Structures are given as structure tokens and as C-alpha cells.
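Structural features, examined
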Amino acid sequence: MSESLTFHFDVDGEDFTSAGQASVQVKKNLRRLGIPPEIIRQVSIAMYEGEINMVIHAGGGKADVIVSENKIEIILEDHGPGIPDVELAMQEGYSTAPDSVRSLGFGAGMGLPNMKRYMDEMTIDSVVGKGTTVKMAVYLS
Amino acid sequence: MTVKELSEKCNFKTAAMPDGDREIDGCYIGDLLSWVMGRAEENNVWITIMSNQNIIAVASLADVACIVLSEGVTVEDSILRLAEEKGVNILLSDKRTYETAVAVYETI
């Protein structure tokens, strides 16, 4: 594989219960490409966490997964409220999710930390009132 | 030990078993979904009381062998259909989470 492959998804901000469709699709696509199972697990979980974040906080957004020879990149972009303090948001247990979301088992303040845990690289570019872009990558050695 | 064998030996009820021959390795207990995705390992039995639709995606992405709903928790038919479609095994236990975990521990 010499050229990169991009998978694009629009994440529906209205439908919390079906969130995860993009991640499950990514998992299938990566399996077809013969990516090692542990990498697939890392990428699809990080992607799901990002998808859930966009649904909870930003009314949806878009996701691109770019598979190249030596890495898999995930770019998540939304036009939500932005994150005022990224460092605080990265702390395990810190959450601004509403109670309705917590009762479904989310909002534990583990989403962003999980994304970082499973990815080799992660940057968050957020402007309050404009939106957030999260870029993540995992290396294929 | 397969999911089907575990279900029989522990007297769990089968709610969905599209992949009963799946091998089990270890167990994880948790209701916070991100926590489960961060800590559960591939082929674990996942014991939880969460029964909303999101557990199917979590089980599928975290690659657990099966979900065991403890404490007599039930699950809607629409979610069971989704589980069958996505290849996610769901077992039901009338026992409390602790006793469910003990039964799993003694069996696997």
C-alpha cells in the first residue's frame, strides 16, 4: 500500500443511541485492509470516544480516517462550543456531560484520556464558540 | 472455555448468542462505558447492569467475548436484534453482580 486511503464520515448529532456507526465501519474497513487486530481495537475505540464527544457536546461533526503506509490518522472536526481549558478536559474524571448522558454510562471523564491512551499522537485545537479539531495518529511499524 | 459453555455452567439465560463458540479469556466488570473501553481486554467476559443500545457498540469495539447483564437486568428486543446482527453475545444473570462474578471466576 503506497497511497493513502481516506474514509469520511458525518457524525449525526441528534442520534445518541446510534453513535458508534462510524467507528464500527472503520473497524470493518481496517480489518479488510489487514491491519493488526490490536491497532484496529485502539483506533476504533479512540474514534468511538471522539464520536460520542461530538454527539454529547457539539451537535455532531465530521470524521476522517486516513490510512497510509506507516500510520493511521483520525481527524475529528466539529463546530460546537469549544473547550475552554484543554488541559483540564484531558484530566481523567473531569466531565461537563449532562446527567442524561451519565445515566447511559457515558460522561465519566474518560473519553479524551482514553483517546490519548490508545493513540501515539494527539493534538486538540479548540476555539471557544467556534469548534474543536482533534487530530490523532497511531503508527504502523 | 467458550461463551456457550460458560452460559450453561453458570446457569445464565441466553438473550443473544450469535457467536457461542467464542473463546473466553478473563473478566471485566463495569458500568461506565469509557472505563470499560479503557480497561476491558479482548475476549473478556464483561459484566454490567447497563442495558442501553450503546453496550453493543462498546462490546464490539472492545472485542469482549460476551456481555453478562447481572442483577436480573433485562434488555429490549430491538437491542437483542442489533446484538445478533453485530455478532455480540448477551447472557442474563439473576444473581447480583458479585455472585455473578464469583460464578464466572469459578467456571473459567
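Reference entry: report on the structure contained in this document. (Residues numbered from 1 in each chain as written. Chains lettered and ligands numbered in written order. Predicted model: local features only at pLDDT ≥ 70, side-chain atom pairs only at ≥ 80, totals over all residues.)

Section: the overall build of chain B
The following threshold applies: For helices the rule is a DSSP run of H or I covering at least 4 residues; for strands it is a run of E covering at least 2, with both sets numbered from the N terminus onward. Each radius of gyration reported is based on C-alpha atoms, and the globular scaling rule is 2.2 Å times the count of residues to the power 0.38. With C-beta atoms placed from the backbone, a contact is any residue pair whose C-beta atoms sit within 7 Å.
Per the secondary structure count, chain B includes 5 helices and 5 strands. Taking 2.2 N^0.38 as the reference for a compact globule, 108 residues should give roughly 13 Å; the C-alpha atoms of chain B span a radius of gyration of 12 Å, in line with that estimate. Taken along the three principal axes of its C-alpha coordinates, chain B extends 30 × 25 × 25 Å. Partitioning the intrachain contacts of chain B with sequence separation of at least 6 by distance along the chain shows that 49% fall at a separation of at least 24.

As for the nonpolar core
Quick note on the threshold: For the purposes of this analysis, a nonpolar core is taken to be any set of buried Ala, Val, Leu, Ile, Met, Phe, Trp, Tyr and Cys residues that are connected through C-beta atoms within 7 Å. A residue is called partly exposed when the number of other C-beta atoms within 10 Å of its own lies between 12 and 20, exposed at 12 or fewer, and buried at 20 or more, with C-beta atoms placed from the backbone.
In this structure, B:Val45, B:Ile67 and B:Ile90 are the most contacted members of the largest nonpolar core, which totals 72 residues. When residues of this core are assigned to their parent elements, the largest contribution, 11 residues, is made by helix H2 (residues 37-58) of chain A. Those residues within four positions of B:Ile67 in sequence are excluded, and the remaining contacts are B:Trp46, B:Thr48, B:Ile55, B:Ala59, B:Val88, B:Asn89 and B:Ile90.

Quick word on the sheet that holds strand S2 (residues 60-67) of chain A
Residues and elements named next belong to chain A. As a reminder, the rule being used: Strand pairing is assigned whenever DSSP identifies at least 2 bridges connecting the two strands. Between N-to-C directions, angles span 0 to 180 degrees; the directions come from axes that are lines fitted to C-alpha atoms, helices contributing only their stretch in contact.
Spatially, S1-S2-S3-S5-S4 is the arrangement adopted by the 5 strands of the open sheet, whose pairing is antiparallel. With one partner strand each, in any of the chains shown, strand S1 (5-12) and strand S4 (121-127) form the two edges of the open sheet. When strand polarity is set aside, the average angle formed by the axes of neighbouring strands in this sheet is 10 degrees. Where strand S3 (residues 71-78) and strand S5 (residues 131-139) come together, 8 bridges link them in antiparallel fashion. Directly across from Glu-77, in S5, lies its bridge partner Thr-133. Relative to the sheet, helix H1 (residues 21-32) contacts S1 and S2, its axis offset from that of S1 by approximately 160 degrees.

Overview of the interface of chain B and chain A
The following threshold applies: All amino acids are sorted into three groups, where Ala, Val, Leu, Ile, Met, Phe, Trp, Tyr, Cys and Pro are nonpolar, Asp, Glu, Lys and Arg are charged, and the leftover types, Gly among them, are polar.
Across the boundary between the two partners, chain B contributes 17 residues, which contact 18 residues of chain A. Where the side of chain B that touches chain A is concerned, the elements lending two or more residues are helix H2 (33-39) and helix H3 (54-62) of chain B. Across the side of chain B that touches chain A, the residue classes break down as 8 nonpolar, 6 polar and 3 charged.

Overview of unusual backbone geometry
All names here are of chain B. A positive phi is found at Asn-11, a non-glycine position, where the angle reads about 55 degrees. Looking at the element boundaries, Asn-11 is found in the loop between helix H1 (3-9) and strand S1 (13-16). Positive phi, close to 60 degrees, is recorded for Glu-71, a residue that is not glycine. Its location among the elements puts Glu-71 in the loop between strand S4 (66-69) and helix H4 (77-86). By the C-beta count within 10 Å, which is 16 here, Glu-71 ends up partly exposed.

Everything listed is a geometric property; what it means functionally is a separate question.
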